[in-house]
Amino acid sequence: MPIELTFLGHSGFVVSGGSHAVAIDPFLTGNPLAVTKPQDVKCGHIALSHGHADHIGDTVAIAKMNGAQVFAAFEICNYLGEHGIEKAQPMNPGGKVMTDFGFIALTQAFHSSSFEDRYMGMPCGVILNIGGVTIYHCGDTGLFSDMKLIGEIYKPDIAMIPIGDRFTMGPELAARAAEFIKPKVAIPIHYNTWPPIEQDPASFKPSGVTVRVMKPGELWSYG
Ligand code: NI
Ligand code: MN
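What counts, and where the lines are drawn
- The written sequence of each chain sets the order in which its residues are numbered from 1.
- As they are written, the chains are lettered A onward and the ligands numbered 1 onward, keeping that order.
- Per-residue local features are limited, in this predicted model, to residues with pLDDT of at least 70; the limit for side-chain atom pairs, both in listing and counting, is 80 or more; totals at the level of whole chains, interfaces and linings are taken over all residues.
- Only hydrogens and water are set aside; all other atoms, that is, all heavy atoms of the structure, feed into the side-chain values.
- Only the stretch in contact is used when a helix axis is fitted, and all axes are lines through C-alpha atoms; the angle between N-to-C directions ranges over 0 to 180 degrees.
- Put simply, DSSP marks the helices as runs of H or I at least four residues long and the strands as runs of E at least two long, and each gets a number from the N terminus on.
- Left-handed is the label given to a crossing in which the near helix is rotated counterclockwise from the far helix by less than a right angle, and right-handed is the label when the rotation is clockwise.
- Note on contacts: a residue pair is in contact if any heavy atoms of the two residues lie within 4.5 Å.
- Here the nonpolar group is Ala, Val, Leu, Ile, Met, Phe, Trp, Tyr, Cys and Pro; Asp, Glu, Lys and Arg are the charged ones; every other residue, Gly included, is treated as polar.
- Listed donors are limited to N, O and S atoms within 2.8 Å of the metal, widened to 3.2 Å for Na, K and Ca; water is not among them, so incomplete-looking sites are possible.
- Any coordination sphere not matching a tetrahedral pattern (four donors, all angles between 85 and 135 degrees) or a square planar or octahedral pattern (four or six donors, opposite donors over 155 degrees apart, other angles between 65 and 115) is reported as irregular.
- Note on classification: 1.4 Å probe, protein chains only; a residue is buried when its accessible area is under 20% of the maximum for its type, exposed when over 50%, partly exposed between these limits.
- It is the directions from the helix axis to the C-beta atoms that the arc portrays.
- Polar contacts, as used here, are pairs of N or O atoms within 3.5 Å; protein pairs need one atom able to donate a hydrogen and one able to accept it. Residues neighboring in sequence count only if both atoms are side-chain atoms.

### Re the packing of helix α4 (residues 147-154) against helix α5 (residues 171-181)
- With their axes 7 Å apart at the nearest point, α4 and α5 run at an angle of 35° to one another. Here the hand of the crossing between α4 and α5 comes out right-handed. Only Ala 177, Phe 180 and Ile 181 of α5 make contact with α4, whose side of the interface consists of Met 147, Lys 148 and Gly 151.
- Along the lines of polarity and charge, the residues of the contact of α4 with α5 split into four nonpolar, one polar and one charged.

The following block contains the structure:
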């Protein structure tokens, strides 16, 4: 079954398969690249990589508008619960939750995770299986060799890999990450949102992996 990916800009996506839609890191308000409004995001589920503001983004508003269930680190779910989000699936790295569309798992990521001076648990990558397609959204992370293991375990069709440098991998290390993960397609994320993470996505050139650069607001059918 084909799935549809809409890039929200920065690290955000909406992934649809059949009658299900999952938003990942839906950061729109204050995102200079965003062309989508929070009220235009329709999803029954939201998955978060970590607690930084450019990833939690509009989660509270979108979850309330859609009655969406949020998959995120335990501490993020506690925060969301205090802000009126009733349907949460608290998780931690290494764990998987089966869903009616497939599953969501969290992996490790080498980064930090805080929001409004509050500890938000471990930073993570998100594995999303929907419509028979598996996606590895790396979150914000440095390079780590267990990306190879994550690739072997989940065999992702698509990997979303940060290339902005400074806070995450830059293009050269992101290419090494893609070569570890071996997805069919790699989508560069987390770049050009602000001057400190300016990058030319053409400099992201993993060998043996197809790169697809998506524009904010662009919809891509896969599978
Ligand atoms: Ni971050
Ligand atoms: Mn970030």
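### Looking at the coordination of the nickel ion (ligand 1)
- Taken together, His 50 (NE2), His 52 (ND1), His 111 (NE2) and Asp 140 (OD) make up the protein donors of the nickel ion (ligand 1), found 2.2 to 2.3 Å from the metal.
- The site at the nickel ion (ligand 1) holds four donor atoms, and with the angles between them running 89 to 175°, its shape is irregular.
- Counting residues between consecutive donors of the nickel ion (ligand 1) along the chain gives the motif H-x1-H-x58-H-x28-D.
- Here the nickel ion (ligand 1) and the manganese ion (ligand 2) are spaced 3.1 Å apart, with Asp 140 acting as a shared donor. Residue His 52 is found in the loop between β4 (45-47) and α1 (53-56), and its partner Asp 140 is found in the loop between β12 (133-137) and α4; the two are separated by 88 residues along the sequence.
- Here His 52 falls in the buried class, since its relative accessible area comes to 15%.

### Description of helix α3 (residues 74-82)
- Among all positions of α3, only Ile 76, Cys 77, Tyr 79 and Leu 80 are buried. All buried residues of α3 fall inside an arc of 155° around its axis, so they share one side.
- Taken together, the buried residues of α3 touch α1, α2 (59-66), β5 (69-73), β6 (88-91), β9 (114-115) and β10 (118-119).
- Just past α3, the residue Gly 84 takes up positive phi, approximately 90°.

### Brief notes about the environment of Lys 184
- As for its position among the elements, Lys 184 is in the loop between α5 and β14 (185-189).
- Considering only alpha carbons, one finds Lys 184 and Thr 210, 26 residues apart in sequence, at a separation of 6.4 Å.
- Filtering out sequence-adjacent residues up to four positions away, Lys 184 remains in contact with Pro 156, Asp 157, Val 209, Thr 210 and Tyr 222.
- A polar side-chain atom of Lys 184 sits 2.7 Å from a polar atom in the side chain of Asp 157.

### Remarks on the coordination of the manganese ion (ligand 2)
- Protein coordination at the manganese ion (ligand 2): the donors are Asp 54 (OD), His 55 (NE2), Asp 140 (OD) and His 190 (NE2), at 2.1 to 2.2 Å from the metal.
- Each donor residue of the manganese ion (ligand 2) belongs to the same chain, with the gaps between them written as D-H-x84-D-x49-H.

### A closer look at α4
- Along α4, the residues that are buried comprise Met 147, Ile 150, Gly 151 and Tyr 154. All buried residues of α4 lie within an arc of 100° about the axis, which places them on one face of the element.
- Where α4 is buried, its residues meet β8 (102-108), β11 (124-130), β12 and α5.
- Looking one or two residues past α4, Lys 155 carries a phi angle of roughly 45°, positive in sign.

### A few points about unusual backbone geometry
- You will see that Glu 116, though not glycine, has its phi angle at about 50°, which is positive.
- With respect to the helices, strands and loops of the structure, Glu 116 is situated in the loop between β9 and β10.
- A positive phi angle, near 55°, is found at Lys 182, a position not held by glycine.
- Along the polypeptide, Lys 182 turns up in the loop between α5 and β14.

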